[in-house]
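Overview (structure and organization)
Here is how the chains run, residue by residue.
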Amino acid sequence: MYPQPLQIHIAMKQASKLRKAVVPQPLTLPATPETLSELIELVVKLCIQGYRERRSKAGSPTPLTEEQWDSMYELGKFAFGVQETEGEIDEVKALQTALTAIEDGLVRIFRDSQELSELHAPLFLRQGETLTFVRLTMLAGRLW
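The sections below set out a description of the structure shown in this document. (Residues numbered from 1 in each chain as written. Predicted model: local features only at pLDDT ≥ 70, side-chain atom pairs only at ≥ 80, totals over all residues. Heavy atoms only, no water.)

**So, the pattern of salt bridges**
This is how the line gets drawn: By convention in these notes, a salt bridge is any Lys or Arg side-chain nitrogen within 4 Å of a carboxyl oxygen on Asp or Glu. Strands here are runs of E lasting at least two residues and helices are runs of H or I lasting at least four, both read from the DSSP assignment and numbered beginning at the N terminus. Only protein chains enter the accessibility calculation, which uses a 1.4 Å probe. A residue is then buried if its area is under 20% of the maximum for its type, exposed if over 50%, and partly exposed in between.
Here the structure, examined in full by the defined rule, presents six salt bridges. Close ionic contact of arginine 52 with glutamate 88 constitutes a salt bridge, the shortest N to O distance being 2.6 Å. Note that arginine 52 is positioned in helix 1 (residues 36-57) and glutamate 88 in the loop between helix 2 (66-75) and helix 3 (91-103), a separation of 36 residues in sequence. Note on arginine 52: relative accessible area 32%, which makes it partly exposed. Residue glutamate 88 is classed as exposed on the basis of its relative accessible area of 54%. Two residues, glutamate 91 and arginine 52, come together in a salt bridge whose shortest N-O distance is 3.5 Å. Taken together, the residues glutamate 91 in helix 3 and arginine 52 in helix 1 connect sequence positions 39 residues apart. Each of Arg52, Glu88 and Glu91 takes part in one network of salt bridges that share partners.

**Let's talk about the nonpolar core**
Put simply, the rule is: Take the buried residues of types Ala, Val, Leu, Ile, Met, Phe, Trp, Tyr and Cys, join any two whose side-chain atoms come within 4.5 Å, and each joined set is a nonpolar core. In this description, contact between two residues means that some pair of their heavy atoms is separated by no more than 4.5 Å.
Of all hydrophobic cores here, the largest spans 21 residues; its most connected members are Ile8, Leu29, Leu36, Leu39, Ile40, Ile109 and Leu131. At the level of elements, strand 1 (6-14), helix 1, helix 3 and strand 5 (130-135) are the ones that each hand at least two residues to this core. In terms of residues, this core owes the most to one element, helix 1, which gives seven residues. Apart from residues no more than four positions distant in its own chain, leucine 36 is found in contact with Ile102, Ile109, Leu116, Ser117, Glu118, Leu119, Ala121 and Leu123.

Purely spatial values, then, with no claim about function.
If you want it as structure tokens, here you go:
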């Protein structure tokens, strides 16, 4: 049996942002994840794939469309092109970083008002469901 693609919506919000509105963005997963760790793995891989595609197109920038402009205005952040990084992205390290951020409570994931925190517990996602990713930030200016 072939895996069925699953379309969900991802809403990402930084805890420190003043704006309350978050517009969920559609994301098509190539398969339905059975656990939170599988969901994180699929999302990380899709984000890396999207980054690589943007990076390959960065050599020929195009003007912003009205829709892109409005979207960036609503988010309060304007980004042009791709930030250069040294070398290629290490998928294994990126996945481990994402899982560690969840385990440490730096990133929290919610389905409606229920927090998803157990990485290996069964996860039953439905078509069109919205998940909210919240990245918590440190309020103090010191590193430990």
